[in-house]
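# Working through the structure, step by step
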Number of protein chains: 2
Amino acid sequence: MSTPSETKILKQFGATLRAERLKAELSQEALAELADLDRTYVGGVERGERNISVLNIVRLAKALGIPPGNLLKNV
Amino acid sequence: MSTPSETKILKQFGATLRAERLKAELSQEALAELADLDRTYVGGVERGERNISVLNIVRLAKALGIPPGNLLKNV
DNA sequence: GTGTGACTTCTAGTCCGTT
DNA sequence: GAACGGACTAGAAGTCACA
């Protein structure tokens, strides 16, 4: 949760999430609301500062209309 | 983390993990060691009792030699 | 070799705000 | 709109003894 390799994984996940969110033309705020999560939390995840859990990965994926596995594409 | 639909997701994830572990012909114990996790923790995830985080998903996937996204295939 | 309950520590996740 | 901070609560992480 703080080793360099873990940081890399979280950053990569966050980058993928951000890319998908932008592709869907949503603001962090809008995505957060769709996924029923806090806006500051979504921001933290995109910045690679949070170790998100499966249930929330699925929530975000559903809100984005993509398969959850896609968010792990580049990790 | 306790609604029926969430339970379903966790159980499905656990089932996929178990299937991949068996395909790799590993015991929970062996997989746990490869992933540097506790044996009882892995068991709990397979039974759908734990809402695992990304980092641990990646650890398990690496230990299994599969892309992390595969574990979310059926959720 | 696996399931289960119980437990502690640490962080996920929320809510308030400011830059 | 997004980054960032503080303070807080729910829950994940991690381990153990026993069946």
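Rules used throughout
Residues numbered from 1 in each chain as written. Chains lettered and ligands numbered in written order. Predicted model: local features only at pLDDT ≥ 70, side-chain atom pairs only at ≥ 80, totals over all residues. Heavy atoms only, no water. Near = heavy atom within 4 Å. Polar contact = N/O pair within 3.5 Å; in protein donor to acceptor, adjacent residues only side chain to side chain. Helix = DSSP H or I, 4+ residues; strand = E, 2+ residues; numbered from the N terminus. Nonpolar A, V, L, I, M, F, W, Y, C, P; charged D, E, K, R; others polar. Contact = heavy atoms within 4.5 Å.

This part takes up the protein's contact with DNA strand C. With respect to spatial proximity, 22 residues lie near DNA strand C, and among them A:Tyr41, A:Arg50, A:Ser53, B:Gln28 and B:Glu29 are the closest. Here the atoms of DNA strand C within 4 Å of the protein split so that 59% fall in sugar or phosphate, with bases taking the remainder. A:Ser53 places a polar side-chain atom, nitrogen or oxygen, 2.8 Å from a phosphate oxygen of DNA strand C. At the level of secondary structure, the elements contributing two or more residues to the surface near DNA strand C comprise α3 (39-46) of chain A together with α1 (4-23), α2 (28-35) and α3 (39-46) of chain B. If you tally residues by element for the surface near DNA strand C, the top one is α3(A), at three residues. Looking at the surface near DNA strand C residue by residue, the class counts come to four nonpolar, seven polar and 11 charged.

Let us look at the protein's contact with DNA strand D. The environment of DNA strand D is formed by 20 residues, the closest being A:Arg18, A:Gln28, A:Glu29, B:Tyr41 and B:Ser53. What you see for DNA strand D is that sugar and phosphate hold 65% of its atoms within 4 Å of the protein. Note that a phosphate oxygen of DNA strand D is positioned 2.6 Å from one of the side-chain N or O atoms of A:Gln28. Separating a phosphate oxygen of DNA strand D from a side-chain N or O atom of B:Asn51 is a distance of 2.9 Å. Elements with a contribution of two residues or more to the surface near DNA strand D: α1 (4-23), α2 (28-35) and α3 of chain A together with α3 of chain B. Looking at which element gives the most residues to the surface near DNA strand D, the answer is α3(B), with three residues. Residues belonging to the surface near DNA strand D are distributed by class as follows: four nonpolar, seven polar and nine charged.

A word on the environment of B:Ser53. Tracing the chain through its elements places B:Ser53 in the loop between α3 and α4 (54-64). Here B:Ser53 is in contact with A:Asn51, A:Ile52, A:Ser53 and A:Val54, once residues within four sequence places are set aside. There is a polar contact of 2.9 Å between the side chain of B:Ser53 and the side chain of A:Asn51.

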